[in-house]
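# Coordinate analysis (summary)
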Amino acid sequence: MAERTTMLRVDHLRKVYESPRGDVEAIGDLSFTMGAGELVCIVGPSGCGKTTLLKCIAGLLRPSDGVVEMDGVRVTGPTPSMALVFQEYGRSLYPWLTVRSNVELPLRHKKLPRARRDRLIDESLEAVGLAHAAKSHPWQLSGGMQQRVAIARAIAYEPEILIMDEPFAAVDAQTRADLEDLVRDLHRSRGVSILFVTHDIDESVYLGERVLVLSKSPTRVEESLKIDLPDDRDQITTRALPRFTELRTHVYGHIQRAKAR
Amino acid sequence: MSAAARIKTIVANLLFAAGLPVLILVAWNALAKKPDEAVGAEKFYPDPVTVGRAFADNWIGPAFAHEVLPSLYRLGIGIVVSIVAGVAAGTVIGLLPWLRELTEPVLEFFRAIPPPALIPIVMLLLGITDTMKIAVIVSGAVWPILLNTIDGVRATDSIMTETADAFRITRWQRLWYLVLPAASPRIMTGVRTGLSVALILMVISEMFASSSGLGYRIVYFQRNFLIAESWSGIVLLGLTGVLLAAIFGFAERRILRWYHGMLEVERG
Ligand SMILES: Nc1ncnc2c1ncn2[C@@H]1O[C@H](COP(=O)(O)OP(=O)(O)OP(=O)(O)O)[C@@H](O)[C@H]1O
Ligand SMILES: [Mg+2]
């Protein structure tokens, strides 16, 4: 694999939540880079600041210290080159809009020609397998389908990087497997970079080209592990590979150490 | 279900709905005084037929244009102004925390004033005009709408707001596609309360100072001991209230279709 150009750079990031009841240091000192077109998974114990990190990267939160750079430019607010899929997908879709309008809303201010906008919406709904549900409202869909709407909305926005925060934590195992394959498909067919947060070790190894293990709060990068599994992955055969087991044991060990510290 | 059975249930439902009103009419008729009792008693305790006749004589035909339409006009304008002002001000106040803290005590004070107490003052300022009556209606109906809008706008889900931030949704789109729809269930609650307040104030403002309108006619009849006519005015007021509720119900079902659908799904 050729060396990729750096797209995202997080440098000595620190985030402290200030509140009258005392400050919470959610992220201690965190640095990593991500290449264009990469699929990076972040794992870490619950409450270690994964959501906080993503919000800092997406420009929704201002870091207390350090910088986030996207394509060499410092991120100071939300940028059009990033799209977010939230952990609370149910609350991130607007219940008064149809599925189609939810996907369309972020495109309205992009000043695209009507035909192109329609095509983007159709294609992204098609890609997540929800073309038939375009006229439904989010609350008429199952959790897995709602999560797919959130993904369709994000990819229709045509970001360079797709940021996903534990997107499959609340769906059943079968749906989860389908959605994992969907993410890998989108990554390969669209060449979009993906930063994927999860607390499921197997999921991180199965999905990622690289896994970043975070320590518990105040958070640092404990380990950056390259996942040298074949690119063609399959829920049954890949997970049965001895190398898969090795890698997940490796990540598991790091998380245990991160927790113990 | 067969056609016959369906017709049967429809008839049964109709009979059920009509049952209580018919019962009330019968009881009223039984209690009303008839012309052969004590002299003039039937004048004070008219039966339903007399009131019905007074209704036809006094409110249908040219009187409708003279007496009813002006009232409805003032009521309509009052309601529209209350909704527009309440929602607009409520949205701005709800979105700006500093403005909310600044205005909260003042709003509480004005809301606590019973609007009829304002009538003499507003009358002095604006004269006995339509504007004065509309001002009185607005002075009462705007509060529930304003306060509910503030609460609704404030309670907009933080994740929904962050979603709008992350996708860089513009200010006006955010207002139209996020803030107002998110607040719409609360806004509609406010409007429902505002409507009944508006109807009350329409009548009261006309009773105080007017030469036309429903309230004016009801007081006029009462002062001239035209009891059946007075009652017929009250019947008309009731019908106006029912009509308002029907229009509101229709609008609410359209605007909050998503909300009712969502609640239904949540209840399972
Ligand atoms: N708005 C906030 N104000 C104060 N503290 C916060 C805030 N948001 C998060 N925190 C704290 O910061 C720490 C990290 O929270 P964060 O949500 O980023 O963790 P997480 O890794 O995403 O957790 P999870 O796996 O449960 O989603 C936690 O201790 C949390 O209590
Ligand atoms: Mg989180």
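Residues numbered from 1 in each chain as written. Chains lettered and ligands numbered in written order. Predicted model: local features only at pLDDT ≥ 70, side-chain atom pairs only at ≥ 80, totals over all residues. Heavy atoms only, no water.

## A short note on the overall build of chain A
Scanning chain A from terminus to terminus reveals 9 helices and 10 strands. Scaling as 2.2 N^0.38, a compact globule of 261 residues should have a C-alpha radius of gyration of about 18 Å, and chain A matches this with 18 Å. Across the 261 residues in chain A, those meeting the buried criterion constitute 55%. Considering only intrachain contacts with a sequence separation of at least 6, the fraction spanning at least 24 residues in chain A is 69%. With an accessible surface of roughly 11300 Å², chain A has 49% of that area assigned to carbon and sulfur atoms. Distance between charge centres in chain A, computed from 36 positive and 36 negative side chains, equals 4 Å. (Helix = DSSP H or I, 4+ residues; strand = E, 2+ residues; numbered from the N terminus. Rg over C-alpha atoms; globule rule 2.2 N^0.38 Å. Buried < 20%, exposed > 50% of the residue type's maximum accessible area, 1.4 Å probe, protein only. Contact = heavy atoms within 4.5 Å. Areas by Shrake-Rupley, 256 points an atom, 1.4 Å probe, with all protein chains shown as cover. Lys, Arg positive; Asp, Glu negative; His and termini not counted. Charge placed at Lys NZ, Arg CZ, Asp CG, Glu CD.)

## Let's talk about the pattern of salt bridges
A side chain with one charge may pair with a side chain of the opposite charge, provided their charged atoms come close. Residue and element names in this part refer to chain A. The final tally for this structure, using the stated rule, is 30 salt bridges over all chains. Here Glu 104 makes a salt bridge to Arg 117, at a shortest N to O gap of 3.0 Å. With Glu 104 in helix H3 (residues 99-104) and Arg 117 in helix H4 (residues 114-127), the pair connects residues that are 13 residues apart, well separated along the chain. Of the residues examined, Glu 104 reaches a relative accessible area of 8% and is grouped as buried. (Salt bridge = Lys/Arg side-chain N within 4 Å of Asp/Glu carboxyl O.)

## A few points about the coordination of the magnesium ion (ligand 2)
All names here are of chain A. The coordination sphere of the magnesium ion (ligand 2) contains the protein donors Thr 51 (OG1) and Gln 87 (OE1), at a distance range of 1.8 to 2.4 Å. Of the two residues, Thr 51 sits in helix H1 (residues 50-57) while Gln 87 sits in the loop between strand S6 (82-85) and helix H2 (89-92), which places them 36 residues apart along the sequence. By relative accessible area, which is 26% here, Thr 51 ends up partly exposed. You can call Gln 87 partly exposed: its relative accessible area is 28%. (Donors = N, O, S within 2.8 Å, 3.2 Å for Na, K, Ca; no water.)

## With respect to the UniProt feature "domain: ABC transmembrane type-1" (unreviewed entry) in chain B
The UniProt feature table records "domain: ABC transmembrane type-1" (unreviewed entry) at residues 68-252 of chain B. With 86% helix and 0% strand, the stretch residues 68-252 of chain B has end C-alpha atoms that lie 26 Å from each other. (UniProt positions renumbered as here; feature names shortened; annotations may be inferred.)

## Some thoughts on the UniProt feature "transmembrane region" (unreviewed entry) in chain B
The feature "transmembrane region" (unreviewed entry), as annotated in UniProt, sits at residues 72-97, 109-128, 195-219 and 231-251 of chain B in this numbering. Across residues 72-97 of chain B one finds 96% helix and 0% strand; the C-alpha atoms that close the span lie 38 Å apart.

## Digging into the interface of chain A and chain B
Contact residues are listed per partner, giving 25 residues for chain A and 22 residues for chain B. Both sides of the chain A and chain B interface together cover about 2300 Å² of buried area, and 70% of this is carbon and sulfur. It is A:Arg91, A:Trp96 and A:Trp139 that lose the most area in chain A upon contact with chain B, and together they represent 32% of the buried surface on that side. For the pair chain A and chain B, the interface holds 2 salt bridges. With a closest N to O distance of 2.8 Å, B:Asp157 and A:Arg91 form a salt bridge. For the interface between chain A and chain B, the tally reads 9 residue pairs in polar contact (both at pLDDT 80 or more). Elements supplying a minimum of two residues to the side of chain A that touches chain B: S6, H2 and helix H5 (143-156) of chain A. Taken together, the residues of the side of chain A that touches chain B break down into 16 nonpolar, 4 polar and 5 charged. (Buried area = accessible area lost by both parts, 1.4 Å probe. Polar contact = N/O pair within 3.5 Å; in protein donor to acceptor, adjacent residues only side chain to side chain. Nonpolar A, V, L, I, M, F, W, Y, C, P; charged D, E, K, R; others polar.)

## Some remarks on the nonpolar core
With 96 residues, the main nonpolar core has A:Leu162, A:Met164 and A:Val251 as its most contacted residues. A per-element tally of this core places helix H9 (residues 171-208) of chain B first, with 13 residues. If near-sequence neighbours (up to four positions away) are discounted, A:Met164 is found in contact with A:Leu54, A:Val85, A:Ile151, A:Val183, A:Ile194, A:Leu195, A:Phe196 and A:Val197. Counting residues in hydrophobic clusters, the runner-up holds 33 residues, among them A:Leu13, A:Cys56, A:Leu61 and A:Val68. (Core = buried A, V, L, I, M, F, W, Y, C linked by side-chain atoms within 4.5 Å.)

## A few points about the site of ligand 1
Residue and element names in this part refer to chain A. Ligand 1 sits among Tyr 17, Ala 26, Ser 46, Gly 47, Cys 48, Gly 49, Lys 50, Thr 51, Thr 52, Gln 87 and Glu 166. Between a nitrogen atom of ligand 1 and a side-chain N or O atom of Tyr 17, the distance comes to 3.4 Å. The backbone of Cys 48 places a nitrogen or oxygen atom 3.2 Å from an oxygen atom of ligand 1. Protein contact buries 61% of the 630 Å² of open area that ligand 1 shows by itself. Counting residues per element, the shell around ligand 1 draws most heavily on H1, at 3 residues. The class makeup of the residues in the shell around ligand 1 is 3 nonpolar, 6 polar and 2 charged. (Near = heavy atom within 4 Å.)

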